[in-house]
Amino acid sequence: MTRNKLTAKLALIGLLLITLSSYFPPYAWAFVGDDYVQFDYIKEIIARPGLVLSLFNPHYLPWYYRPLQLVWFWLLEAVFHFKPQAYYWIELLFHALAVALVYRVARQLKLGVFTAVLAAALFAIHSHWVDVVSWISSIAIVLAAVFSLLAVSAWLRYLKRPSTRQLPLTFLFCLLTFLRHEESVLLPPFLLLILATKRLEIGDWRLRRKNFVSSLQSLISAKELLLFATLGLLTAAYLYVQFTRPNATIDISSRETAEWL
């Protein structure tokens, strides 16, 4: 291990420790805001754990479709019951994992060691993220960050050294992100953008008017095409579910076209 890499790893470890100590909220002895609402959503599951799969039914609740967030609350309640400190610490640990993944992805994108550490530091201490990490009900955003970064990392690893194993991992992390937060629909187009950028960067693809098919094949392989076709179908199904299910947080009929745009 070179001296620069060792320094970077020590800096990252120090950053994670500072993040954990500074983010732990002074009100860690209590649940706040919508935390009580989350427990109310799963009260039937707490009483009857055998019904946990019903949380994946889009029509189970007239709330955001974030089933893995509800599963997270159910699992922690089963282990820690109603001890808020444990919930905060576990959320912080997931945030620390997200910070480490920012560093990993930055390095995979060939950013320098110092730049990667700086990117991780900015992500770790961003003012917008403070409210997210220190509020248990925002766990969906923290976990969506973790799973989306894992998807990007697996995809970049595949592009560097194509492996059949990385494709199902990319799909799995995308699926987990979809079950976490609505903004996950942006992830497949982002992965496709990375693919196009990487292929153009290394000169694998040249558009030839006389041989368009072979040009397209050099841009994307059959396995990659299958992955994105599957993600496209998943995205379409996800959007259909989001706009057809009963949702108390979005009243589609009262919104004009300009608001959606």
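Going along each chain's sequence as written, the residues are numbered from 1 onward. Whole-chain, interface and lining totals are the exception, using all residues; otherwise, since this is a predicted model, local features are given only for residues with pLDDT of at least 70 and side-chain atom pairs are given and counted only at 80 or more. The basis for every side-chain value is the complete set of heavy atoms in the structure, and neither hydrogens nor water enter the calculation.

Caption draft 1: Main features of the overall build of the protein. Scanning the protein for helices and strands turns up 13 helices and zero strands. Helix and strand definitions follow DSSP, with helices as H or I runs of at least four residues and strands as E runs of at least two, each counted in order from the N terminus. Its helices and strands in sequence order give the protein the pattern α-α-α-α-α-α-α-α-α-α-α-α-α, from N to C terminus. The buried label goes to any residue with under 20% of its type's maximum accessible area, the exposed label to any with over 50%, and the partly exposed label to all in between, with areas taken from a 1.4 Å probe on protein chains only. Looking at the protein as a whole, 43% of its 261 residues are labelled buried. Two residues form a contact once any of their heavy atoms are found within 4.5 Å. Considering only contacts within the protein whose residues lie at least 6 apart along the sequence, 69% involve residues at least 24 apart. Looking at the protein as shown, the accessible area adds up to about 15,000 Å², and 67% of this sits on carbon and sulfur atoms. To measure how exposed things are, a 1.4 Å probe is used in the Shrake-Rupley method; for residues, cover is taken only from the protein chains shown.

Caption draft 2: Summary view of the layout of surface pockets. The rule is simple: put a 1 Å grid over the protein atoms alone, call a set of points where a 1.4 Å probe fits but cannot get out a cavity, call an open set with protein on both sides within 12 Å along at least five of seven lines a pocket, and count a residue as lining if it has an atom within 4 Å of a point. Grid points are joined across faces, edges and corners, and a volume is the space filled by probe spheres set on the points. By volume, the second largest pocket amounts to about 380 Å³. Looking at the second largest pocket, it is lined by 16 residues, and the ones nearest its centre are Ile-141, Ala-144, Ala-145, Ser-148 and Glu-183. When residues of the lining of the second largest pocket are traced back to their parent elements, those giving at least two are α7 (127-133), α8 (139-160) and α10 (187-201). Partitioning the lining of the second largest pocket into residue classes produces ten nonpolar, five polar and one charged. Any residue outside Ala, Val, Leu, Ile, Met, Phe, Trp, Tyr, Cys, Pro, Asp, Glu, Lys and Arg is labelled polar, Gly included; the first ten of those are nonpolar and the last four are charged.

Caption draft 3: Just the packing of aromatic side chains, in detail. For Phe, Tyr and Trp, rings pair up if their centres lie within 6.5 Å, where Trp contributes its six-membered ring, and each pair is then called stacked (planes under 30 degrees apart), edge-to-face (over 60) or tilted (otherwise). In the structure shown here, the tally under the stated rule is 16 aromatic pairs. Their ring planes at 75° and their centres at 6.2 Å tell us that Phe-31 and Tyr-36 sit as a pair that is edge-to-face. A residue is classified by how much of its surface remains accessible, and Phe-31, at 10% relative accessible area, is buried. Members of the aromatic cluster, connected to one another through ring pairs, are Phe-31, Tyr-36, Phe-39, Trp-72, Phe-73, Phe-82 and Tyr-87. Definition used: whenever NZ (Lys) or CZ (Arg) falls within 6 Å of the ring centre and also within 35 degrees of the ring normal, the charge is taken to sit over that ring. The ring of Trp-63 carries the charged tip of Arg-66 above its face, separated from the ring centre by 5.8 Å. The ring of Tyr-64 is capped by Arg-66, whose NZ or CZ atom sits 4.1 Å from the centre of that ring.

Caption draft 4: Structural detail: the pattern of salt bridges. When a carboxyl oxygen of Asp or Glu lies within 4 Å of a side-chain nitrogen of Lys or Arg, that pair is called a salt bridge. Applying the stated criterion to the full structure yields two salt bridges. The closest approach of N and O atoms between Asp-40 and Lys-43, which form a salt bridge, is 3.3 Å. Lys-43 sits in the exposed class, given a relative accessible area of 53%. A salt bridge links Arg-66 to Glu-182, with the shortest nitrogen-to-oxygen separation between them at 2.8 Å. You can see Arg-66 sitting in the loop between α3 (43-47) and α4 (67-80) and its partner Glu-182 sitting in the loop between α9 (166-178) and α10, a full 116 residues away along the chain.

Caption draft 5: Quick look at empty space enclosed by the protein. One pass over the full model with this rule turns up one cavity of 30 Å³ or more. Taken as a whole, the largest cavity holds about 60 Å³ of empty space. In this structure, the largest cavity is lined by Leu-55, Asn-57, Tyr-60, Leu-61, Trp-63, Tyr-64, Tyr-65, Arg-66, Pro-67, Leu-70 and Arg-245. Considered class by class, the residues forming the lining of the largest cavity number eight nonpolar, one polar and two charged.

Caption draft 6: Quick look at the side chain of Ser-134. By secondary structure assignment, the location of Ser-134 is in the loop between α7 and α8. With near-sequence residues (within four places) excluded, Ser-134 lies in contact with Tyr-23, Pro-25, Tyr-27 and Tyr-88.

Caption draft 7: Seen up close, a positive patch on the surface. Residues Arg-104, Lys-110, Arg-157, Lys-160, Arg-161 and Arg-165 make up a contiguous surface patch of positive charge. Among the structural elements, Arg-161 can be located in the loop between α8 and α9. Here Arg-161 falls in the exposed class, since its relative accessible area comes to 65%. For patches, a residue must show more than 30% relative accessible area and have no salt bridge; joins then use 9 Å for like charges and 5 Å for nonpolar side chains, namely Val, Leu, Ile, Met, Phe, Trp and Tyr. Counting rule applied: Lys, Arg positive; Asp, Glu negative; His and chain ends not counted. Lys charges are placed at NZ, Arg charges at CZ, Asp charges at CG and Glu charges at CD.

Caption draft 8: Structural detail: a nonpolar patch on the surface. Residues Leu-6, Leu-10, Ile-13 and Leu-17 make up a contiguous nonpolar surface patch of about 390 Å² in total accessible area. Inspection of the secondary structure puts Leu-10 in helix α1 (residues 3-23).

Caption draft 9: Seen up close, the nonpolar core. Nonpolar cores are built from buried Ala, Val, Leu, Ile, Met, Phe, Trp, Tyr and Cys residues. Side-chain atoms within 4.5 Å join them into one set. Counting 69 residues, the largest nonpolar core has Ile-42, Trp-72, Phe-73, Tyr-87, Tyr-103, Trp-155 and Leu-191 as its most contacted members. Here the element with the most residues in this core is α8; it accounts for 14 residues. Core analysis: the next-biggest nonpolar cluster, separate from the first, contains six residues, Tyr-65, Leu-68, Leu-179 and Tyr-238 among them.

Caption draft 10: Region of the structure containing helix α12 (residues 222-244). Compared with an ideal rise of 1.5 Å per residue, which puts 23 residues at 33 Å, α12 spans 33 Å between its outermost C-alpha atoms and is within 8% of the ideal. Within α12, the full set of buried residues consists of Glu-224, Leu-227, Phe-228, Leu-231, Thr-235, Tyr-238 and Gln-242. Helix span, expected: 1.5 Å multiplied by one less than the number of residues in the helix.

Caption draft 11: Spotlight on the environment of Val-117. Along the chain, Val-117 falls in helix α6 (residues 113-125). Here Val-117 falls in the buried class, since its relative accessible area comes to 16%. Sequence-wise, Val-117 and Arg-107 are ten residues apart; in three dimensions their C-alpha atoms are separated by 9.2 Å. The contacts of Val-117, once residues within four sequence positions are left out, are Ala-8, Ala-11, Leu-15 and Tyr-103.

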